[in-house]
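Here are the chains, one letter per residue:
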Amino acid sequence: MITALEVTPAWYLVLGAVLFSIGAFGLLIRRNPLVMFMCVELMLNAVTLTFVTFSRMLEDTGGQSIVVFVLVVAAAEVVVGLAIIVALLRKRPDATADDVALLEG
Amino acid sequence: MLDAVWLIPALPLAGFVLLLVFGRLLGDPGAGWLATAMAAASFVATVVVFFGLLGEAEEDRHFVQILFEWIPVGDLRVDVGFLADPLSITMALFVTGVGSLIHLYAIGYMHGDPDFPKFFVYMNLFIFSMLMLVLGNNLVLTFLGWEGVGACSYFLVSFWFTDEANAAAGKKAFITNRIGDWGFMLAIFLAFAAAGTVDYLELFQATEGLAAVTVTAIGALLFVGAVGKSAQIPLYIWLPDAMAGPTPVSALIHAATMVTAGVFLMTRVNPILAAGYDWVPDVIAWTGAITALVAATIAIAQNDIKKVLAYSTVSQLGYMFLAVGVGAYVAAIFHMVTHAFFKALLFLGAGSVIHGVGDEQDMRRMGGLRKYMPITAATFIVGWLSIAGVPPLSGFWSKDEILLSAWASPGAQGKVLWAIGLVTALITAFYMSRQVYLVFFGDERWKEGEEHAPIEAEAEAGAEPAPEAAGANPGDGHGGVHGEPHESPWIMTLPLVVLSVLAFVGGGLNLPFTEDMHFLQRWLEPVVGENELHIDVSTATKVGLAVVAVLAALVGIGAATMVYLRRRARAVEPAVLAHAYYFDETVSAFVAGPGTRSFDAVAWFDAHIIDGAVNGVAHVVAGAGRRLRSVQSGFVRSYALGVATGVVVVLGYFLTRITF
C-alpha cells in the first residue's frame, strides 16, 4: 500500500525556491534576450507562488492580494520588455544581450 | 490740521515721481519750477501742521499718524508712521523752507546744464528722504530716510560725474557714511533685541526697564551713526570733498539739512542718552569740541571758497554736538536752525560768486567783487557777521547759548569745553573775515596777469598738491571766460536776500532776556523735557560770557582785517593746515598701503582657501565618478549577476543574525 504522501506547504515553498533558482541561473547564463526574459517571468511566478503559500499558512489574505499586483506589474513589464526585444531582434535577428551594451559608462 | 502731516513728505515724493516721468518734457526751467513748487507746497503743509500743533495744549503736542503696516514679521512690527512733535516740525519747517529757497536758487544756478531735470529729480527725492528721516516715528523709518539722503548726497556730489574727481568724491562720501550707518544699524538691532520695539515712544518707555549698559550701547552706536552723517572727527573727511557737487547741493545737503541729521537724531533719542552711563554724553561733547576747533583751524588755510565753508560747517556741527553732549538740546537745535540760515546763505553767496566770475573757486583769483556783485556782497556780509557771532545777528545768540551751556555744565570739564568753544569762535571770526576780504575786498585779482596775490605765495606751495575737487565743471552751461564779474539774476539773489533777513533776525527765536522770550525752549520743552541742562548761572556771569564771546569775535575780525585787508602782517597759513593736518593723506596712505595689502590677503584667502575647498570637493567627486563609471559595462547579465550577488550577500547577512 502506497502511503499517500501528504502535501505540506513546505513542498510549495521548495517548489518556489527551485523555480526561482532556475530562473536566476538561466538569467545569468543564457544570452538570448527572449529566454532571459522568460527566466525573469519564471522568477516572478516563483515569488508569487511563495506569497500564496505563506498566505495560506498564516491565514492572511495580504499575500494573495499581492499576487494581483504582481500580475499587473508583470503584464506591464511584458508589454515594455517584449516591445524592446522585438524591436531589437527585428533589427538584428541574431542579437544577444551582450551585443546591446551601448549604455556602458 | 494735524492730519495733514502725511502731505509733508508726500508732496516732494509726488514731485520726484512726476519729474522722473515728465522731467525731460518740462525741461529747463519747467522742471525746476515744478520741483520748487512741490518743496514750497510741502513747506505750506508743514506750516499748517505747525499751527495745528501750536493749537494743542503743551503736554499734548505730539501726534502720531500711522499710514500702514510696513514690516510685520513675527515680533517685529514696523509701521510707516509719522511723529509730529515740536522737534520734528521744527526740523521739517527749516528743511522745507530753506529747501524751497535753494530750489528756487538752483533754477538760476543750474540754468543751461544739460542734466537740468535730473538735478531736480534728485533734489525732490532728497527733500522727501530728509522729511522721512525727520518725521519717522520709529528708528527703521528714520533709517530709511537716513539712507535716502545719503544716496541723494551721493547722486548729487557726483552730479557732474564725467569728471573723475567728482565721481570719486561721491564714492568717498558714500563709503565714509557706511561706517556711521553700521553703528546706526547695530543700534536698531540692539534696540529691537533688548526692548522688542523700534518705535521711538515705546522705546523711550522701555528704556527704564533695560540694563544701563544696554541703553548706553544703543546711545553710543547711534552716536557712531551721527558722527558719520554729521561729519565729525574722525569721519569728517568726506564733507570737504563733497563740495565737488553743484553749489546748491552744498548749501542744501552739506550745510543746512542732511549733515544736521546726526544732531537731530541725538536730540530725538535724548531719553536714551540720559538713561545710559554718563560717558556717552561726555564723548559727544568732546568729539564736538575737538571737531569744532580742528576744523576751524583747517579753514584758515583753505583757498577754495567752498572748502572754507565746508570746514566751517564741520566746525559748526561740532558746536552742536558740544551742546548735545552737555545736555543743551535746545541750544543745539537753535544753532542748527540759525546755522541753516546763515550757512545756506553763505554757500548760496559763494555759488553766486562762482557763477559771477566764471566758475572760478580759488579765492586767490577773486577780490574786489563787492563793486560788481553788490547784492551778493551785502548778503554774504550778513552771513559772515552772523557766523562770526556779532550781535544782534542770529549766530551770536545761538553760539552764545552753546557757550553758556558749556560753561554751566558741571565740573571743570565744562570750563574747558567753554574755552575750546571760545577759541573756536575767535578762529571762526578770523577765517570768515579772511574769506570775505579775499573775495569781496582788496585788489581785483581775477584780471589777467594778477593771478596770485603776493600775500598768498607761501601758502600756495603747500596748497597746490591738495586734491582740488572743484565743483566747477566745463559742462555746466554757464562756464566760459567772463569779461567782468557780474551780479547773478534775481532768481538767485532773491533767496539770498530772504536768507540774509532770516540770518539777521533768526536769533529772535530764543532770546535770553526774559523767560517769555525763550520761544524755542518752551516750544521744545515736551521733547527734551527734564533731560535738558538747567542753567544755573547769575545774570552778571551770563552778560560777562556774552561780552567775552563778542570780544573774541571782534579780535578775530580785527586780526583778519590787519592781515588781509590792511596788510599789516604776513598771513600765517602753514601747509599743515592747508593739508588739513594730513589726516586725509594718512587715511589714503593707510588704505593704499597696509589696507590694500590686507584686502589682497583676504582676496587670496578667498581665491585659494575658500574656492580651493569648494573646487577640491568637486575634483574628488569627479575623480571618484571617473573610476566608478567602468562598473557600468552595459552588459545586462553583469548587472543581473551584481543584483544576484547582492541578494545572496544580504540573505547571508540576515541568516547569520537569525535566532530561533
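All values reported here derive from a predicted model rather than from experimental measurement.

Draft legend 1. Layout of the overall build of chain A. Across its full length, chain A holds three helices and zero strands. Start at the N end of chain A and walk to the C end: the helices and strands fall as α-α-α. Dimensions along the principal axes, computed over C-alpha positions, put chain A at roughly 55 × 35 × 25 Å. The buried share among the 105 residues of chain A stands at 10%.

Draft legend 2. Local environment of the overall build of chain B. A tally of helices and strands in chain B yields 24 helices and two strands. On the principal axes, the C-alpha backbone points of chain B span a range of 115 × 65 × 55 Å. Contacts in chain B between residues far apart in sequence, at least 24 positions, make up 82% of those at least 6 positions apart.

Draft legend 3. Spatial organisation of unusual backbone geometry. All names here are of chain B. Along the chain, Ile-233 connects to Pro-234 via a cis peptide bond; the corresponding omega equals 5 degrees. Looking at where Pro-234 falls in the secondary structure, it is placed in the loop between helix H7 (212–229) and helix H8 (238–241). Here the residue pair Pro-391 and Pro-392 is connected by a cis peptide bond, since its omega of 5 degrees sits within 30 degrees of zero. Position of Pro-392 among the secondary structure elements: in the loop between helix H15 (374–388) and helix H16 (394–408). If you check the backbone angles, Asp-359 has positive phi at about 60 degrees while not being a glycine. Note on placement: Asp-359 falls in the loop between helix H14 (329–356) and H15.

Draft legend 4. Representation of the domain arrangement of chain B in the model. When cut into domains, chain B gives domain 1 (1–137), domain 2 (162–274), domain 3 (278–463 + 485–578) and domain 4 (590–657). Centre-to-centre, using C-alpha coordinates, domain 1 of chain B lies 59 Å away from domain 4 of chain B.

Draft legend 5. Just the interface of chain B and chain A, in detail. With 11 residues of chain B at the contact, the number on the chain A side is 10 residues. Taken together, the residues of the side of chain B that touches chain A sort by class into five nonpolar, four polar and two charged.

Draft legend 6. Region of interest: the pairing of strand S1 (residues 63–73) of chain B. Residue and element names in this part refer to chain B. Summarising burial for S1: one of the 11 residues are buried, a small minority. By the bridge criterion, nine bridges tie S1 to strand S2 (residues 76–84) in an arrangement that is antiparallel. Across the sheet, Phe-63 pairs through a bridge with Ala-84, a residue of S2. Here S1 folds back onto S2, and the loop between the two strands holds two residues, one of which, Gly-74, carries a positive phi near 55 degrees.

Draft legend 7. Seen up close, the environment of B:Asp115. Residue and element names in this part refer to chain B. Positionally, Asp-115 belongs in the loop between helix H2 (86–109) and helix H3 (116–135). The class for Asp-115 is partly exposed, based on 18 C-beta atoms found within 10 Å. Spatially, the C-alpha atom of Asp-115 lies 9.1 Å from that of Asp-28, the residues being 87 residues apart in sequence.

Draft legend 8. View of the environment of B:Ala37. For B:Ala37, the location among the structural elements is in helix H1 (residues 7–54). Along the primary structure B:Ala37 and B:His103 are separated by 66 residues, whereas in three dimensions their C-alpha atoms are 9.0 Å apart.

Draft legend 9. Structural view of the packing of H14(B) against H15(B). Residues and elements named next belong to chain B. Relative to each other, H14 and H15 sit at 145 degrees, their axes nearing to 9 Å. You can see that H14 and H15 cross each other, and the crossing is left-handed. Residue-level contacts link Phe-342, Leu-345, Leu-346, Gly-349, Ser-352, Val-353 and Gly-356 of H14 to Thr-376, Thr-379, Phe-380, Gly-383, Ser-386 and Ile-387 of H15. Its residues placed into classes, the contact of H14 with H15 shows six nonpolar, seven polar and no charged.

Draft legend 10. Examining the packing of helix H13 (residues 305–325) of chain B against helix H17 (residues 411–440) of chain B more closely. All names here are of chain B. Taken N-terminus to C-terminus, the directions of H13 and H17 make an angle of 160 degrees; their axes are 11 Å apart at the nearest point. Relative to H17, the element H13 lies roughly antiparallel. Like other packed secondary-structure pairs, H13 and H17 cross with a definite hand, here left-handed. Residue-level contacts link Ile-305, Val-308, Ser-312, Ser-315, Tyr-319 and Leu-322 of H13 to Leu-417, Gly-421, Thr-424, Thr-428, Tyr-431, Met-432, Gln-435 and Val-439 of H17. Taken together, the residues of the contact of H13 with H17 sort by class into eight nonpolar, six polar and no charged.

Draft legend 11. Structural view of helix H20 (residues 519–528) of chain B. Among all positions of H20(B), only B:Leu520, B:Gln521, B:Trp523, B:Leu524, B:Val527 and B:Val528 are buried. Considered in projection along H20(B), the buried side chains sweep an arc of 160 degrees and stay on one side of the axis.

Rules used in this analysis
Residues numbered from 1 in each chain as written. Chains lettered and ligands numbered in written order. Predicted model: local features only at pLDDT ≥ 70, side-chain atom pairs only at ≥ 80, totals over all residues. Helix = DSSP H or I, 4+ residues; strand = E, 2+ residues; numbered from the N terminus. Buried ≥ 20, exposed ≤ 12 C-beta atoms within 10 Å, placed from the backbone. Contact = placed C-beta atoms within 7 Å. Domains from an automatic or database assignment. Nonpolar A, V, L, I, M, F, W, Y, C, P; charged D, E, K, R; others polar. Pairing = 2+ DSSP bridges. Axes fitted to C-alpha atoms, helices over the stretch in contact; angles between N-to-C directions. Left-handed = near helix turned anticlockwise from the far one by under 90°. Parallel < 35°, antiparallel > 145°, perpendicular 65-115°, else oblique. Arc of directions from axis to C-beta.

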